[in-house]
Amino acid sequence: QMVYFHPVPKNLIEKFILAKGLDKDLAGEMARLSGGLPGRAVEWVDNREEYEVYKKEAVRFVTLLYRPFFEKLKGVEDLFAAHRQAGADSDHIAEREKLARVLDIWLGVLRGFVHSNHNLVEKKLKLNLSDRAVLNISSHISEVKDALRKNMHPRLLLERVLLEIP
């Protein structure tokens, strides 16, 4: 049996963050980007580095839209740079987990384009991104995450997502 929890209103998440001593602007931004997920906000309050990673990846995803493929590849090159530098000694499982986290963030941005709880609907309209395109990209990211768990090559899988991004 599945239990569905509705997103928590942003104002409640913001109140929680403010009670933890963060400034109002940061609390508002964290509450907005949390997408109604209080656990995410709690994690960000306790680990500001995770919050910065989330913001960086969200910005990366939006900047990939409507770029030529070679620019998209350049935009994600750093995801594989550490692996290339480490050579055979690199931790493939950790690299896959990192890529899966990045793809989760991208899915969160796509959900924000569809739902008003992220305040990204206006951004979607400015980008001229249709709901069909959002659903198509989301579907491909979900398929890629599944293939990643099946030990397929991470770079090829990410390129597949990049090809689907308009």
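Everything below is about the structure shown above.
Treat the numbers as computed from the prediction; the structure is a model and nothing was measured. Counting restarts for each chain: residues are numbered from 1 in the order of the written sequence. Thresholds applied to this predicted model are a pLDDT of at least 70 for local features of residues and 80 or more for the giving and counting of side-chain atom pairs; totals over whole chains, interfaces and linings are not thresholded and use all residues. As a rule here, side-chain values cover all heavy atoms of the structure and leave hydrogens and water aside.

Describing the packing of helix 9 (residues 131-149) against helix 10 (residues 154-164)
Line of reasoning, step 1. Angles run from 0 to 180 degrees between N-to-C directions of axes, and those axes are lines fitted to C-alpha atoms, restricted for helices to the stretch in contact. Each helix is a run of H or I in the DSSP string that is no shorter than four residues. Each strand is a run of E no shorter than two, and both are numbered from the N terminus. Taken N-terminus to C-terminus, the directions of helix 9 and helix 10 make an angle of 175°; their axes are 9 Å apart at the nearest point. By the angle class used here, helix 9 and helix 10 are roughly antiparallel. Facing Asn136, Ile137, His140, Ile141, Glu143, Val144, Ala147 and Leu148 of helix 9, the residues of helix 10 in contact are Pro154, Leu157, Arg160, Val161 and Glu164.
Line of reasoning, step 2. A breakdown of the residues in the contact of helix 9 with helix 10 according to their chemical character gives 8 nonpolar, 2 polar and 3 charged. Angle categories are assigned with fixed cut-offs, so that under 35 degrees is roughly parallel, over 145 is roughly antiparallel, 65 to 115 is roughly perpendicular, and the rest are oblique. Whether two residues are in contact is decided by their heavy atoms, any of which lying within 4.5 Å being enough. Each residue receives one of three labels: charged for Asp, Glu, Lys and Arg, nonpolar for Ala, Val, Leu, Ile, Met, Phe, Trp, Tyr, Cys and Pro, and polar for the others, Gly being one of them.

Structural notes on the environment of Leu162
Line of reasoning, step 1. Mapped onto the fold, Leu162 is located in helix 10.
Line of reasoning, step 2. Working definition: with a 1.4 Å probe on protein chains only, accessible area under 20% of the residue-type maximum means buried, over 50% means exposed, and in between means partly exposed. We classify Leu162 as buried; its relative accessible area is 1%.
Line of reasoning, step 3. In this structure the C-alpha to C-alpha distance between Leu162 and Leu65, which are 97 residues apart in sequence, comes to 9.1 Å.
Line of reasoning, step 4. Beyond its immediate stretch of four places on either side in the chain, Leu162 contacts Leu64, Phe69, Lys72, Leu73, Val76 and Trp106.

Topic: helix 10
A turn of α-helix holds 3.6 residues, and therefore any two residues three or four places apart point the same way.
Line of reasoning, step 1. Every buried residue of helix 10 is accounted for by Pro154, Leu157, Leu158, Val161 and Leu162. Angular distribution of buried residues about the axis of helix 10 spans 145°; they occupy a single face of the element. For helix 10, exposure combined with an orientation more than 90 degrees from the buried face picks out Leu156 and Leu163. Arc definition: directions from the helix axis to the C-beta atoms.

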